Amino acid sequence: MTQTTHPLAGKPLVLADTLRSGNAWKIRLACGFMGLALTRRTFDIVQGDLETNAFARINPWRQVPALLTPEGEWLAESQAILWYLAQGTPWLPQDRLAQAQVSSWLSFEQTQHMHAFAQPRLLIHLRQTAAVDDPAMVAWRAIGMKAAALMDAHLAGRTYLVGGAPTIADVALYPYTSMAEQGGYDLSAFTHITAWLARVRALPGFTPLLETA
Ligand SMILES: N[C@@H](CCC(=O)N[C@@H](CS)C(=O)NCC(=O)O)C(=O)O
């Protein structure tokens, strides 16, 4: 990929996140891949940080991630933030169809994928309030396995989700797919996903979820 100066290079970017948020990880991954410096403001959901008046000024929807842009605006929703960061770079293709295909995958992640992977991870692994075999967890995984099968079939014979180079579609789908095991998933039969995860992980600038990892 040709290295060009990022339109936001050198401008201040502040990310409101939590330590283990997969949605916020998307933004840290994107900034790492794009060579953008990011300042983190890390909140704690369990401590009630998202319920304060101060946080409502960051995001009235009371979720992370939110990005403080160089224009001085807080921008909510991971996919909108990815789009904001990727404009004018190869991470969001200019081609009309390819750009729309990226948008399709961003919608897929939010509507068919994210919750089915995030909820079991949250309840089994992070909060430890559910067992792997709880019916609700089994039901989430049934939904998630359908999404994984669709991804796997699409990735057969492809290197990345859209076109021949990585885009924000790959960035958006990476976090919760890569952490599926924490929600009791076994994705090992999906060999195209496994290879794609390894490809994304090997990209220059990859940022792990935890800085100590
Ligand atoms: N659609 C949102 C979802 C964000 C989301 O679910 N964030 C979680 C952390 S990963 C959160 O803030 N949860 C707190 C809550 O919803 O109360 C996005 O893509 O940014």
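Keep in mind that what you see is a predicted model, and the values were worked out from it rather than measured.

Rules of the game
Residues numbered from 1 in each chain as written. Predicted model: local features only at pLDDT ≥ 70, side-chain atom pairs only at ≥ 80, totals over all residues. Heavy atoms only, no water. Domains from an automatic or database assignment. Contact = heavy atoms within 4.5 Å. Buried area = accessible area lost by both parts, 1.4 Å probe. Salt bridge = Lys/Arg side-chain N within 4 Å of Asp/Glu carboxyl O. Polar contact = N/O pair within 3.5 Å; in protein donor to acceptor, adjacent residues only side chain to side chain. Helix = DSSP H or I, 4+ residues; strand = E, 2+ residues; numbered from the N terminus. Buried < 20%, exposed > 50% of the residue type's maximum accessible area, 1.4 Å probe, protein only. Pairing = 2+ DSSP bridges. Right-handed = clockwise from strand over helix to strand, strands pointing away.

### Digging into the domain arrangement of the protein chain
Here the domain parsing of the protein chain yields domain 1 (14-86) and domain 2 (96-201). The straight-line distance from the C-alpha centre of domain 1 to that of domain 2 is 21 Å. Contacts between domain 1 and domain 2 engage 17 residues on the former and 19 residues on the latter. Surface buried jointly by domain 1 and domain 2 totals about 1400 Å² across both partners, of which 72% is contributed by carbon and sulfur atoms. When the buried surface of domain 1 facing domain 2 is broken down by residue, Trp-25, Gln-79 and Trp-83 rank first, second and third, together holding 36% of it. Where domain 1 packs against domain 2, one counts one salt bridge. Measuring nitrogen to oxygen at the nearest pair gives 3.0 Å for the salt bridge that ties Lys-26 to Glu-109. At the boundary of domain 1 with domain 2, the tally comes to six residue pairs in polar contact (both at pLDDT 80 or more). If you list the elements that add at least two residues to the side of domain 1 that touches domain 2, you get helix 1 (22-34) and helix 3 (78-86). Among the elements that take part in the side of domain 1 that touches domain 2, helix 1 stands out by supplying eight residues, more than any other.

### Describing the pairing of strand 1 (residues 14-18)
Of all five residues in strand 1, five are buried; the element is thus mostly enclosed. Residues Val-14, Ala-16 and Thr-18 of strand 1 are buried on one face, and the alternating residues Leu-15 and Asp-17, pointing to the opposite face, are buried as well. Alignment of strand 1 against strand 2 (residues 39-43), held across five bridges, turns out to be parallel. Residue pairing for strand 2: Thr-18 is matched across the bridge by Phe-43. This β-α-β element, strand 1 to helix 1 to strand 2, shows right-handed connectivity. Of the pairings in the sheet, the one linking strand 1 to strand 3 (residues 66-68) comprises three bridges and is antiparallel in character. Bridge assignment links Val-14 to a residue of strand 3, and that residue is Leu-68.

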